[in-house]
Amino acid sequence: MNDKSIYIIGAGISGLVAAIELEKAGYYPVILEAEDRIGGRIKTDEVDGYLLDQGFQVLLTAYPEIHRYLDLDKLELKKFKPGAVIFRPDATFAIHDPLRNPLKGFSMAFSNIGSLWDKVKLFTLIKNLKEKQIDTIFTSPQTTTLEYLNKLGFSKKIIENFFAPFFKGIFLETSLATSSRMFEFVFKMFAEGHAAVPAKGMGQVAQQLFENLEHTQIRFNTTVAGLKKNQIELADGNTITADDIILATTHNKLTGQGEAEFHQVTNLYFTLQHSFIGKAMIGLVTDEKFLINNLTFMTDVSPHYASDGRALLSVSVVKNVEELENLEELIALELQVLSGIKASYFKHVKTYTISKALPQIKDLKNWMPYQHTKLYDHVHLAGDYMLNGSINAAMTSGRLAAEAVIAGD
Ligand SMILES: Cc1cc2nc3c(=O)[nH]c(=O)nc-3n(C[C@H](O)[C@H](O)[C@H](O)COP(=O)(O)OP(=O)(O)OC[C@H]3O[C@@H](n4cnc5c(N)ncnc54)[C@H](O)[C@@H]3O)c2cc1C
């Protein structure tokens, strides 16, 4: 055992991974967590027998870092079928596998979202990205995703009918202003692996990391109010002196670097007697006038998401709807238009407004030398905002901060 006192602030993915790495090196770290549970931005609630992920999110099986820390078999991953169901005012149709083999066969559905020329470009893009190393992606010149797609010559039709709703739901912003590096990274991950959720909800990702810890103490309901050198000031007035600190939180207030900015999302859950999609696919709403961006019947992906046999529907709204008082009714009306099923049949379960969902990062990275996690002597930083807004990055950042502490740098 190494008896250095190491404190990690935050029990999200980055903090849990930091603890795993420190344990491997013989340390007994302590995690201080403001909330009463682990997981940070990855949590699953159980409400009336339904599993509700706090915000629709998926694990991409091609993420390199998850293979270091997660036993995917144990998570009983349930995969989405590649592709999407496109909801347009004039038609609803499924596009199968556009990111893997766009040239395979002649799909009538594809002609609804783009031209043959778009298909060829998609094929070329996928081929190029499969050959491009992740580190090369994150050091390539960057532009906005929209500019990038325009430059590649994709038609307005495929951008509006596929890329825009798909990536708005991933980037959680409506203008595709997110860096092309993130687009390339996510697109590569979708093309090389599967989108999936653990059978019993995304919270299982954090839970599995937590269960791997043997010598880490977690103090819940413990908010850190400030840091002075290696002294941790708690909100209750107490002070802790640590040998080393890893600050694995979402915001930079404690670091004195100012608050990071975030994209937000509103996630609503409804139940219905039966799914109107009927397959494990994400539904995309292309019409800008709708509030709904994307929708998924979680029970089509994993039946464990509902205990009463009803279909559990997750709806994501990327537009800012904070001011709307009757949001649930409006969304139920939109669902009626999209599905032809009466609004009153959609039973609202819960709405989550996640104001700090994804950090807005100017200089996206995949990795950094561990020395760069140092804030000042004995204090290191972790968190997705250090690299890019993904589970993969949160894990990498936690590992790097731990490596720095272990190396004494
Ligand atoms: C709606 C949504 C959708 C997403 N979709 C995806 C997706 O599909 N795929 C993907 O890869 N990623 C997705 N992400 C991103 C992914 O969830 C995050 O990158 C990851 O969870 C971040 O982990 P973290 O440890 O960096 O931060 P956090 O999870 O934010 O953890 C920080 C922890 O620190 C604690 N804390 C904060 N301040 C203090 C304090 N002062 N004192 C003590 N404790 C404190 C917090 O309570 C929290 O537990 C999504 C995120 C959201 C919210």
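In the nomenclature of an unreviewed UniProt entry, the protein chain is known as NAD(P)/FAD-dependent oxidoreductase of Cyclobacterium jeungdonense.

All right, on to the overall build of the protein chain then. Helix and strand counts for the protein chain stand at 12 helices and 21 strands. Taken against the 2.2 N^0.38 rule, which gives 22 Å for 409 residues, the C-alpha radius of gyration of the protein chain at 22 Å falls within 12% of a compact globule. Seen through its C-alpha atoms, the protein chain measures out along the principal axes to roughly 65 × 45 × 40 Å. For the protein chain, the proportion of its 409 residues judged to be buried stands at 57%. Nonlocal contacts in the protein chain, meaning residues at least 24 apart in sequence, comprise 72% of its contacts between residues at least 6 apart. Carbon and sulfur atoms make up 49% of the accessible area of the protein chain, which amounts to about 17,600 Å² in all. Of the side chains in the protein chain, 41 bear a positive and 47 a negative charge, and the two mean positions are spaced by 7 Å.

One pass over the structure, following the stated rule, counts 20 aromatic pairs. A centroid spacing of 5.3 Å and a plane angle of 55° characterise the contact between Y148 and F183, whose relative ring orientation is tilted. In this pair, Y148 is assigned in helix α6 (residues 145-151) and F183 in helix α8 (residues 180-192), connecting sequence segments 35 residues apart. You'll find Y148 and F183 in the same group, each marked buried. Between F163 and F187 the ring centres are 6.1 Å apart and the planes differ by 40°, which places this aromatic pair in the tilted class. Taken together, the residues span a long stretch of sequence, with F163 in helix α7 (residues 156-171) and F187 in helix α8 at a distance of 24 residues. Comparing F163 with F187 shows no difference in burial state: the two are buried.

On to the environment of L375. Secondary-structure assignment places L375 in strand β20 (residues 374-376). Ignoring anything within four residues of it in the chain, the contact list for L375 reads T255, Q257, H380 and L381.

It is worth spelling out unusual backbone geometry at this point. Backbone geometry places L172, a non-glycine residue, at a positive phi of 60°. Note on placement: L172 falls in the loop between α7 and α8. In this structure L172 comes out as buried when scored by relative accessible area, which is 12%.

If you trace the backbone, M368 turns up in the loop between β19 (347-359) and β20. Judged by relative accessible area, which is 6%, M368 ranks as buried. If we skip the residues at most four places from it in the chain, M368 touches T373, M386, L387 and L400.

The end-to-end C-alpha separation of helix α1 (residues 13-24) is 17 Å, in line with the 16 Å expected for 12 residues at 1.5 Å each. Summarising burial for α1: 11 of the 12 residues are buried, a large majority. Listed in full, the buried residues belonging to α1 are I13, S14, G15, L16, V17, A18, A19, I20, E21, L22 and E23.

Proteins that are soluble and globular tend to have nonpolar side chains buried together. Core analysis: the biggest nonpolar cluster contains 102 residues, and L59, F163 and F187 have the highest contact counts within it. Here L59 is in contact with I66, L70, L72, L75, L77, H194, A195, A196, M202, V205 and I391, once residues within four sequence places are set aside.

Accessible area lost when the parts come together is the quantity often used to give the size of an interface. Split into domains, the protein chain comes out as domain 1 (6-41 + 203-260 + 365-407), domain 2 (44-78 + 196-201 + 262-359) and domain 3 (108-192). For domain 1 versus domain 2, the distance between C-alpha centres works out to 29 Å. Listed as interface residues are 25 residues of domain 1 and, on the opposing side, 25 residues of domain 2. Here domain 1 meets domain 2 over a buried area of about 2,100 Å², counting both sides, of which 54% is carbon and sulfur.

Right, let's talk about a nonpolar patch on the surface for a bit. A cluster of nonpolar residues, L116, W117 and V120, forms a patch on the protein surface that exposes about 340 Å² of accessible area. In this structure, V120 sits in helix α4 (residues 116-131).

Taking 1.5 Å of rise per residue, the 16 residues of α4 would be expected to cover 22 Å, and the 23 Å separating its terminal C-alpha atoms lies within 8% of that figure. Among the residues of α4, those classed as buried are D118, K119, K121, L122, L125, I126 and L129. Across the axial projection of α4, the buried residues extend over an arc of 165°, all falling on one side. Among the exposed residues of α4, those oriented more than 90 degrees off its buried face are L116, W117 and E131.

Near the ligand there are 36 residues, and of these S14, E33, Y63, T250 and D384 occur at the shortest range. Contact distances for the ligand include 2.8 Å between an oxygen atom and a backbone N or O atom of R41. Between I391 and the ligand, the recorded distance is 2.9 Å, taken from a backbone N or O atom to an oxygen atom. Starting from 1,000 Å² of accessible surface for the ligand in isolation, the protein chains cover 93%. Looking at the shell around the ligand, the elements with two or more residues in it are α1, β19 and α12 (391-407). No other element matches β19, which puts three residues into the shell around the ligand. In the shell around the ligand, the residues fall into 18 nonpolar, 14 polar and four charged. Residues from two domains meet in the shell around the ligand; each of domain 1 (6-41 + 203-260 + 365-407) and domain 2 (44-78 + 196-201 + 262-359) gives at least three.

Take the sheet that holds strand β18 (residues 311-317) next. In space, the seven strands of this open sheet follow the order β8-β7-β16-β17-β18-β15-β19, with mixed pairing throughout. Looking at strand neighbours, the two that pair on one side only are β8 (91-96) and β19, the edges of this open sheet. Averaged over neighbouring strand pairs, the angle between their axes works out to 20° when direction is ignored. The strands that α7 touches are β7 (83-88), β15 (262-272), β16 (282-285), β17 (294-297) and β19; relative to β16, the one it contacts most, it runs at about 110°. Across the sheet, helix α11 (residues 327-339) lies against β7, β8, β15, β16, β17, β18 and β19, angled at about 65° from β15, the strand it touches most.

What counts and how
Residues numbered from 1 in each chain as written. Predicted model: local features only at pLDDT ≥ 70, side-chain atom pairs only at ≥ 80, totals over all residues. Heavy atoms only, no water. Helix = DSSP H or I, 4+ residues; strand = E, 2+ residues; numbered from the N terminus. Rg over C-alpha atoms; globule rule 2.2 N^0.38 Å. Buried < 20%, exposed > 50% of the residue type's maximum accessible area, 1.4 Å probe, protein only. Contact = heavy atoms within 4.5 Å. Areas by Shrake-Rupley, 256 points an atom, 1.4 Å probe, with all protein chains shown as cover. Lys, Arg positive; Asp, Glu negative; His and termini not counted. Charge placed at Lys NZ, Arg CZ, Asp CG, Glu CD. Phe/Tyr/Trp six-rings, centres within 6.5 Å; stacked < 30°, edge-to-face > 60°. Expected span 1.5 Å × (residues − 1). Core = buried A, V, L, I, M, F, W, Y, C linked by side-chain atoms within 4.5 Å. Domains from an automatic or database assignment. Buried area = accessible area lost by both parts, 1.4 Å probe. Patch = residues over 30% accessible without salt bridge, like charges linked within 9 Å, V, L, I, M, F, W, Y side chains within 5 Å. Salt bridge = Lys/Arg side-chain N within 4 Å of Asp/Glu carboxyl O. Arc of directions from axis to C-beta. Near = heavy atom within 4 Å. Polar contact = N/O pair within 3.5 Å; in protein donor to acceptor, adjacent residues only side chain to side chain. Nonpolar A, V, L, I, M, F, W, Y, C, P; charged D, E, K, R; others polar. Pairing = 2+ DSSP bridges. Axes fitted to C-alpha atoms, helices over the stretch in contact; angles between N-to-C directions.

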